[in-house]
Amino acid sequence: MILVTASTGQLGTAVVNNLLERIPASQIAVLARDAQKAQAFADKGISVRIGDYKNYDSLVAAFNGVEKVLLISSNDFDDRFGQHKNAIDAAKAAGVKQVAYTSIEIKDAHNSATEIISKDHALTADYLKASGLGYVLLNNSLYADVVPMFLGEKVFETGVFFPAGEGKVAYATREDMALAAAIVLTAEGHNNKEYAIACEQGYSFADVAAYLSEISGKEVAYVSPDEDTYKAVLTEAGVPDMFVWMLSVFAKAIKAHEFETGKADLEALIGRKPVTLKEYLTQVYSK
């Protein structure tokens, strides 16, 4: 039995769909906080377990009879490491054999401009390795899917305005990352391994602007402002403080070349060329 946490989120749903192509629904379980949101899984014959990262006892019950758990990192920053620790401890108590964790592909997660975002990943990875459980670290690069969020809704009018300098990221699509996770969970030989879920090629925001120019047929400029100017523009536009902070720290880390690790295991895992950033942006902006 393989259980996927955060199953009703975008990554979790994509992983489950990929698992269904590889193993029977009877061998899949999902963790959800709301049974109604997981009804589509139940309709397919998947076991729906109700639990919450903040409720240890609910996790122990949910993990009962499960051999492998895919622990998808929480999007709740209220003691995120504590939530992950609960899940790892519960997995151990329930007799789970292996936990695969969606971490981050970055040079030094303990000391990153992304602050607590990467730090939580680093603490979780360290704790999982020391837990005595079998583990797999799926160190995800940034989603290609987040690039439109970095660009804003009016990118073709305003240009690319993002303080990332000349830094590059080996973006991969959420769908390709989900496929890699499903393959790792259903195949042998991955226990106690660590993978860079990233493409071979890194892309700068100058590259992004060039792709958008090609897609739209008009010049899309790239401007990399200083951090304070960027924050001021976003705040004036009414962007919530939490998003201003998040966008700014990711930009700062990209500018510092933190995502340029030189590691890329995605193609080898999925057995084909991953979707490129240009292909993804063409899909999004040619609609």
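Residues numbered from 1 in each chain as written. Predicted model: local features only at pLDDT ≥ 70, side-chain atom pairs only at ≥ 80, totals over all residues. Heavy atoms only, no water.

Caption draft 1: Expanded view of the pattern of salt bridges. Inspection of the entire model under this criterion finds 11 salt bridges. Between Lys54 and Asp76 there is a salt bridge, with its nearest N and O atoms 2.9 Å apart. On the criterion of sequence distance, the pair formed by Lys54 in the loop between strand S3 (47-50) and helix H3 (56-62) and Asp76 in the loop between strand S4 (68-71) and helix H4 (80-94) is long-range, its members being 22 residues apart. One network of salt bridges, in which partners are shared, links Lys54, Asp76 and Asp78. (Salt bridge = Lys/Arg side-chain N within 4 Å of Asp/Glu carboxyl O. Helix = DSSP H or I, 4+ residues; strand = E, 2+ residues; numbered from the N terminus.)

Caption draft 2: How the structure looks around a nonpolar patch on the surface. Among the surface-exposed residues, Met149, Met242 and Phe243 lie close enough to one another that they form a single nonpolar patch of about 280 Å² accessible area. Note on placement: Met242 falls in helix H11 (residues 241-255). (Patch = residues over 30% accessible without salt bridge, like charges linked within 9 Å, V, L, I, M, F, W, Y side chains within 5 Å. Areas by Shrake-Rupley, 256 points an atom, 1.4 Å probe, with all protein chains shown as cover.)

Caption draft 3: Quick look at the packing of aromatic side chains. If you walk through the whole model with that rule in mind, you get 11 aromatic pairs. Summarising the aromatic geometry, the rings of Phe150 and Phe250 are spaced 6.3 Å apart at their centres and angled 45 degrees between planes, so their arrangement reads as tilted. In this pair, Phe150 is assigned in helix H6 (residues 147-151) and Phe250 in helix H11, connecting sequence segments 100 residues apart. Classification of Phe150 as buried rests on a relative accessible area of 4%. Grouped by ring-pair contacts, the aromatic residues Phe150, Phe161, Phe162, Phe205, Tyr222, Tyr230 and Phe250 constitute a single cluster. (Phe/Tyr/Trp six-rings, centres within 6.5 Å; stacked < 30°, edge-to-face > 60°. Buried < 20%, exposed > 50% of the residue type's maximum accessible area, 1.4 Å probe, protein only.)

Caption draft 4: Up close: the side chain of Glu105. Among the secondary structure elements, Glu105 is positioned in the loop between strand S5 (98-104) and helix H5 (116-130). In this structure, Glu105 is buried with no salt-bridge partner, the nearest side chain bearing the opposite charge being Lys263 at 4.9 Å. One polar contact links Glu105 to Thr261, side chain to side chain, over a distance of 2.6 Å. Those residues in contact with Glu105 that sit more than four places away from it in its chain are Asn139, Asn140, Ser141, Ala196, Phe259, Thr261 and Lys263. (Lys, Arg positive; Asp, Glu negative; His and termini not counted. Polar contact = N/O pair within 3.5 Å; in protein donor to acceptor, adjacent residues only side chain to side chain. Contact = heavy atoms within 4.5 Å.)

Caption draft 5: Main features of the sheet that holds S3. Reading across the sheet, the 7 strands line up as S3-S2-S1-S4-S5-S6-S8 and stay open at both edges, with parallel pairing between neighbours. Looking along the sheet, the strands with just one partner apiece sit at the ends: S3 and strand S8 (193-197). Going across the sheet, the axis of each strand differs from the next one's by a mean of 20 degrees, ignoring polarity. Pairing analysis gives 5 bridges linking strand S6 (residues 134-140) to S8, with the strands arranged parallel. Bridge assignment links Asn139 to a residue of S8, and that residue is Ala196. (Pairing = 2+ DSSP bridges. Axes fitted to C-alpha atoms, helices over the stretch in contact; angles between N-to-C directions.)

Caption draft 6: Highlighting the pairing of S5. Of all 7 residues that make up S5, 7 are buried, and the element is covered over most of its length. Judged by which residues are buried, S5 turns out to be covered on both faces: Gln98, Ala100, Thr102 and Ile104 on one side and Val99, Tyr101 and Ser103 on the other are all buried. Alignment of S4 against S5, held across 4 bridges, turns out to be parallel. From the neighbouring strand, Lys68 faces S5, where its bridge partner is Gln98. Following the backbone out of S4, through H4 and into the adjacent parallel S5, one traces a crossover that is right-handed. Pairing of S5 with S6, which is carried by 7 bridges, proceeds in the parallel orientation. Bridging across to S6, Gln98 finds its partner in Gly134. Between the parallel elements S5 and S6, the chain passes through H5 in a crossover that is right-handed. (Right-handed = clockwise from strand over helix to strand, strands pointing away.)

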